[in-house]
Amino acid sequence: MPSRRRADAARNDELFLDAGLELLRERGPDRIAALELARSAGLTTGAVYARYENPAEIMVGLWQHRIATPMRMFLENSLEALIDDSDTARASVTRALANPSGPLRPGVSMLIAATRVPELAEIVRPDLESWIADLEIEVDSGEERQKQKVFVAAALGCLMFATVDMFDHDDWTFLRRIAEAANSDRTVGRFPLPEPAPLADLGIETGEPVRDAIVNGAARVIANGGIERATTQRIARAAGLQPNEIFSVYRTRSELFADVAKNVLDDILSGGRSITRPRTDHDDTSTWQERFLVGKVSEYRSLLQPIHSENRRLRLEFLLAACHDDSISTAMHQVDQEVNRAVARDLDTVLGIDSSIALRTVRLVRTSGFGALLLEELLGGYAELDLRYFFEPIVETMEESSP
């Protein structure tokens, strides 16, 4: 009889994990509950509670038994493809990025949730630290460690944007060219490592005081706990309003969050919308290249500083929400395309970079930047990366690729 009970428990575990992974993919980490898990698995809520104390423990189980191993393999293969140019690793990464039904896409949701769910952080953070340490275990050069960390962030960023269908698979090929340039016998030094650039405080000002208060209040709440925990009451308190005042402006919660996404994302991404001031006859190409490099390195160094955690949190939470909410996904796609095209036009106009190469460059900087932001939130230490190892090869590759 004991062996029968153990077999039943093992079977139930597999049912729960399979059902939980599908719920995670469809609804996200903040909407996994015992009742939904029981229904999806065809079991009772009692069976769920016999195995898991709360939703956070369900996520821990999913990470341990469905997501951690493929996530580690993805990071290992990504680095092997980028650093060693392995054909086998490259094919594995390509398949993973193109597979929306695999465990890696819901795994991105887990990583973002781990930045604010203590039970999940307790297991995800040590795993990531261990994996990254293992990836660097035979490296004795500080320069090589810098490169590896930069490319771990780049690979993770590609996966993050594949999760919300905002990743162009040609960009992976372009990233490999950047890695090849970075791995050549070269050292950085086209310009000194710049200090972090000052970032403007987040805040929407449209001239509509009530609406602005709601949007800014919602942004603060979302940064602290995600969209699912951004209740009307919490938003109203953060905005200094009564709950009924919110619905005098927005008919539905979905309409509210779509407007918050559009305005907040436009605000936090608009800092990179233009890379330069108008060009003068006295400026040469090398001056503009350096200005672009310095500006981008400085901007991302700033975003990775502890003081800008709320800015990072908003970006990550909206990406997480875009996985499961069509209106937020639409808003994020729209803002992302507008900003990318504006910067690509600047690169084309100012540096003479072919527009298609410029757009690919901008997308690659964006995806890699998001990966670094997530790793900084999870592990810390990425604010000290020397991003010149990434940005200098990008500019060199742009120059070589343009006619």
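Residues numbered from 1 in each chain as written. Predicted model: local features only at pLDDT ≥ 70, side-chain atom pairs only at ≥ 80, totals over all residues. Heavy atoms only, no water.

Student: Report on the overall build of the chain, specifying residues and quantitative values.
Tutor: The secondary structure content of the chain amounts to 18 helices and zero strands. Per-residue burial for the chain yields a buried fraction of 53% across its 403 residues. Taking contacts inside the chain between residues at least 6 apart in sequence as the whole, the part at least 24 apart equals 75%. About 17,700 Å² of surface is accessible on the chain, with carbon and sulfur atoms providing 47% of the total. (Helix = DSSP H or I, 4+ residues; strand = E, 2+ residues; numbered from the N terminus. Buried < 20%, exposed > 50% of the residue type's maximum accessible area, 1.4 Å probe, protein only. Contact = heavy atoms within 4.5 Å. Areas by Shrake-Rupley, 256 points an atom, 1.4 Å probe, with all protein chains shown as cover.)

Student: Outline helix α7 (residues 118-135), supporting the account with residue identities and numerical values.
Tutor: Taking 1.5 Å per residue, 18 residues should reach 26 Å; α7 reaches 26 Å between its end C-alpha atoms and fits that length. Here α7 has its buried residues at Leu120, Ala121, Ile123, Val124, Leu128, Trp131, Ile132 and Leu135. (Expected span 1.5 Å × (residues − 1).)

Student: Could you give me a rundown of the pattern of salt bridges, with the residues and numbers involved?
Tutor: Working definition: two side chains of opposite charge can pair if their charged atoms are close together. This structure, assessed with the given rule, holds 25 salt bridges. With a closest N to O distance of 2.8 Å, Arg312 and Glu377 form a salt bridge. Of this pair, Arg312 sits in helix α15 (residues 309-322) while Glu377 sits in helix α17 (residues 355-379), placing them 65 residues apart in sequence. Taken together, the salt bridges that share partners define one network made up of Asp30, Arg116, Arg229, Arg313 and Glu317. (Salt bridge = Lys/Arg side-chain N within 4 Å of Asp/Glu carboxyl O.)

Student: Report on the packing of helix α13 (residues 253-269) against α15, specifying residues and quantitative values.
Tutor: Close contact between α13 and α15 brings their axes to 11 Å; oriented N to C, the two are set at 135°. For the element pair α13 / α15, the angle class is oblique. Note that α13 runs across α15; the crossing there is left-handed. Along its contact with α13, which presents Val260, Ala261, Val264, Leu265, Ile268 and Leu269, the element α15 presents Asn311, Leu314, Arg315 and Phe318. Along the lines of polarity and charge, the residues of the contact of α13 with α15 split into eight nonpolar, one polar and one charged. (Axes fitted to C-alpha atoms, helices over the stretch in contact; angles between N-to-C directions. Parallel < 35°, antiparallel > 145°, perpendicular 65-115°, else oblique. Left-handed = near helix turned anticlockwise from the far one by under 90°. Nonpolar A, V, L, I, M, F, W, Y, C, P; charged D, E, K, R; others polar.)

Student: Got a sec to walk through the nonpolar core? Specific residues and values, please.
Tutor: Judged by nonpolar contacts, the single largest core of 134 residues is most densely connected at Trp63, Leu120, Trp172, Phe318 and Phe390. At 14 residues, the largest contribution of residues to this core is made by helix α4 (residues 55-84). Contact partners of Leu120, with chain neighbours within four places excluded, come to Met59, Val60, Trp63, Met110, Ala113 and Ala114. (Core = buried A, V, L, I, M, F, W, Y, C linked by side-chain atoms within 4.5 Å.)

Student: Tell me about the packing of aromatic side chains, and please be specific about residues and values.
Tutor: Tallying each qualifying case throughout the model produces six aromatic pairs. Joined through ring pairs, the aromatic side chains of Phe151, Tyr300, Phe390 and Phe391 make up one cluster. The ring of Tyr382 carries the charged tip of Lys149 above its face, separated from the ring centre by 5.5 Å. The ring of Phe161 carries the charged tip of Arg366 above its face, separated from the ring centre by 4.1 Å. (Phe/Tyr/Trp six-rings, centres within 6.5 Å; stacked < 30°, edge-to-face > 60°. Lys NZ or Arg CZ within 6 Å of the ring centre and 35° of its normal.)

Student: Tell me what's going on with the packing of α4 against helix α5 (residues 87-97), and back it up with residues and numbers.
Tutor: To describe two helices that pack against each other, one gives the angle between their axes and the distance between the axes. Two numbers describe how α4 lies on α5: the axes approach to 8 Å, and their chain directions differ by 130°. Comparing the axis directions of α4 and α5 gives the class oblique. The hand of the α4/α5 crossing is left-handed. For the pair formed by α4 and α5, the contact residues are Phe74, Asn77, Ser78, Glu80 and Ala81 on the first element and Ala89, Arg90, Ser92, Val93, Ala96 and Leu97 on the second. Along the lines of polarity and charge, the residues of the contact of α4 with α5 split into six nonpolar, three polar and two charged.

Student: How would you summarise the environment of Asn12 if you had to cite specific residues and measurements?
Tutor: Summarising the element assignment, Asn12 is placed in helix α1 (residues 2-27). A distance of 3.4 Å separates a polar atom in the side chain of Asn12 from a polar atom in the side chain of Arg11. (Polar contact = N/O pair within 3.5 Å; in protein donor to acceptor, adjacent residues only side chain to side chain.)

Student: Lay out α15 in plain terms, naming residues and giving numbers.
Tutor: Between its terminal C-alpha atoms α15 stretches 20 Å, which fits the 20 Å expected from 14 residues at 1.5 Å a residue. All of the buried residues along α15 are Asn311, Arg312, Arg313, Leu314, Arg315, Leu316, Glu317, Phe318, Leu319, Leu320, Ala321 and Ala322.

Student: Describe the side chain of Gln305, and please don't skip the residues or the numbers.
Tutor: Position of Gln305 among the secondary structure elements: in the loop between α14 (285-303) and α15. Within the structure, the side chain of Gln305 is placed 2.9 Å from the backbone oxygen of Arg301, a separation counted as a polar contact. Not counting chain neighbours up to four residues away, the residues in contact with Gln305 comprise Pro196, Arg312 and Ala383.

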